[in-house]
Amino acid sequence: MTEGDLQALGEQALEEIAGAVDQDQLERVRLKYLGRHGGLISLGAQALAQAAPEQRAGLGRAFNAAKEATEAALARRLGELRASRRGIDQAEEWLDLTYPTSPLPRGHQHPVARLIREIEDIGRALGYESVRGPEVEDDQYNFELLNLPPDHPARDTHDTFYLAGPAQGWLLRTHTSPVQLRTMMAGPPPYRILAPGRVYRRDNPDPTHNPMFHQVEGLCVDTNITFGDLKGTLDFAMKAFFGSSVKTRFFPSFFPFTEPSADVQISCPFCGGSGCRKCKYSGWIELLGCGMVDPAVFGFVQGKQPGYDPKKISGFAFGMGIDRIAMMKYGIGDIGLLYSGDLRFLEQFA
Ligand code: DAH
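Residues numbered from 1 in each chain as written. Predicted model: local features only at pLDDT ≥ 70, side-chain atom pairs only at ≥ 80, totals over all residues. Heavy atoms only, no water.

Per the counting criterion, the structure on display carries 0 disulfides. The thiol of Cys271 is unpaired, and the distance to the nearest cysteine sulfur, on Cys268, comes to 3.6 Å. (Disulfide = S-S within 2.5 Å.)

What follows is the structure, encoded as structure tokens:
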């Protein structure tokens, strides 16, 4: 047996080790090359013992190299076979449709989106259809048709972003109330709609202000709709949303598009009305504006939709901010966090 024979033997062993497809086969390869009785490398060891003294050093090096390489390859292949599923070589086609997949990362709703859906669910139970209106509006829909003519002082709190260039005359809506008018212009009553969405105002961002926030608009138009219907609807909705022990109370207010108008407060759902930080120790939280649709608004629509005769129909509307509710409900101290896209914040709502 020569050095070349030993080298060839080592290479042959490596090939067979690489080709072993399971642990049994690998063990057979091991015995064939390293076995105490008759293993080929063992034969090499015998040859070494019988070799002439001047050949021994070279033979010994070749023998050791082949043996170490074989042992290392065996250990590596054994590790691979153990790691590969069921000891089947990954190079073979392997398909088990029942094998569990690795978990897929799963998303979740944004807290504001979640509240909107909860509100829509309550609305749906009361027969309210969810609709959407455009975020880019014109002065007519955002203001004039809502009885806010140019120079009306109620516009002061509704400064917004105005589009320039070819889109001049368009603005980012300051409230969801224009959806009331879009609904009316689209067809005759009766209907009940909820219109959630983004609204914009020219505000400097601070912990309680953001130039973009969310509102939900509600509108119900039919014959014989009364302020009592409005009160009953909102009282039911607030109880459904915040819990049945919550009370509502209505205060006279002013909105150009409703007459009469009211602000609605709910008893603090967090402390039960005894006073806490969230209700500023008053026991009550002001939550929305509402009122009976001003006949003047129906009058604007009547030219296009004759079904809007203010003598024959009536309706109520309400508008509620969502971001502030999310902040109270989840104890969020800075409205900007809702829109930061920061996963460390968002993942807390998974
Ligand atoms: N649009 C009003 C605002 O943004 C909120 C509002 C008040 C909406 C009264 C209504 C309503 O529909 O009837 O301040």
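This brings us to the domain arrangement of the protein. Here the protein is described as being made up of domain 1 (3–93) and domain 2 (111–349). Relative placement of domain 1 and domain 2: their C-alpha centres are 79 Å apart. (Domains from an automatic or database assignment.)

All right, on to the sheet that holds strand β4 (residues 191–200) then. Here we have 7 strands laid out as an open sheet, ordered β1-β4-β5-β9-β8-β7-β6, and mixed in their pairing. If you trace the sheet from one side to the other, it starts and ends with β1 (129–130) and β6 (248–255), each paired once. In this sheet, strand β5 (residues 212–222) lies alongside β4 in antiparallel orientation, the contact comprising 10 bridges. Within the sheet, the bridge partner assigned to Tyr200 lies in β5 and is Met212. Contacts from helix α7 (residues 178–186) reach β4, β5, β8 (284–293) and β9 (314–321), with the element oriented near 140 degrees to β4. Relative to β8, helix α10 (residues 323–330) is tilted by about 155 degrees, and along the sheet it contacts β5, β8 and β9. (Pairing = 2+ DSSP bridges. Helix = DSSP H or I, 4+ residues; strand = E, 2+ residues; numbered from the N terminus. Contact = heavy atoms within 4.5 Å. Axes fitted to C-alpha atoms, helices over the stretch in contact; angles between N-to-C directions.)

The next point concerns the environment of Gly38. Inspection of the secondary structure puts Gly38 in the loop between α2 (23–34) and α3 (40–50). Gly38 sits 139 residues away from Ser177 along the chain, and the two C-alpha atoms are 93 Å apart. Look past the residues within four positions of Gly38 in its chain and what remains in contact with it is Lys32 and Leu43.

All told, the structure shown has 14 salt bridges when counted by the stated rule. Across the pair Arg30 and Glu27 runs a salt bridge, and its minimum N-O distance is 3.0 Å. Linking Arg30 with Glu27, this pair stays in helix α2, spanning 3 residues, or about one helical turn. Among the residues examined, Arg30 registers a relative accessible area of 33% and is labelled partly exposed. (Salt bridge = Lys/Arg side-chain N within 4 Å of Asp/Glu carboxyl O. Buried < 20%, exposed > 50% of the residue type's maximum accessible area, 1.4 Å probe, protein only.)

Time to look at the packing of aromatic side chains. Throughout the structure, instances matching the rule amount to 8 aromatic pairs. Ring centres of Tyr128 and Phe318 lie 6.4 Å apart, and the angle between their planes is 55 degrees; on these two criteria the pair is classed as tilted. Here the residue Tyr128 occupies a position in the loop between α5 (111–125) and β1, and Phe318 occupies one in strand β9, the gap between them amounting to 190 residues. As far as burial versus exposure is concerned, Tyr128 and Phe318 are alike and both buried. Geometrically, the ring pair formed by Phe298 and Tyr308 is tilted, given 5.9 Å between the ring centres and 35 degrees between the ring planes. Taken together, the positions of Phe298 in helix α9 (residues 295–302) and Tyr308 in the loop between α9 and β9 put the pair 10 residues apart, joining distant regions of the chain. Here Phe298 matches Tyr308 in class, with each residue buried. Just above the ring of Phe241 sits the side chain of Lys329; from NZ or CZ to the centre is 5.8 Å. (Phe/Tyr/Trp six-rings, centres within 6.5 Å; stacked < 30°, edge-to-face > 60°. Lys NZ or Arg CZ within 6 Å of the ring centre and 35° of its normal.)

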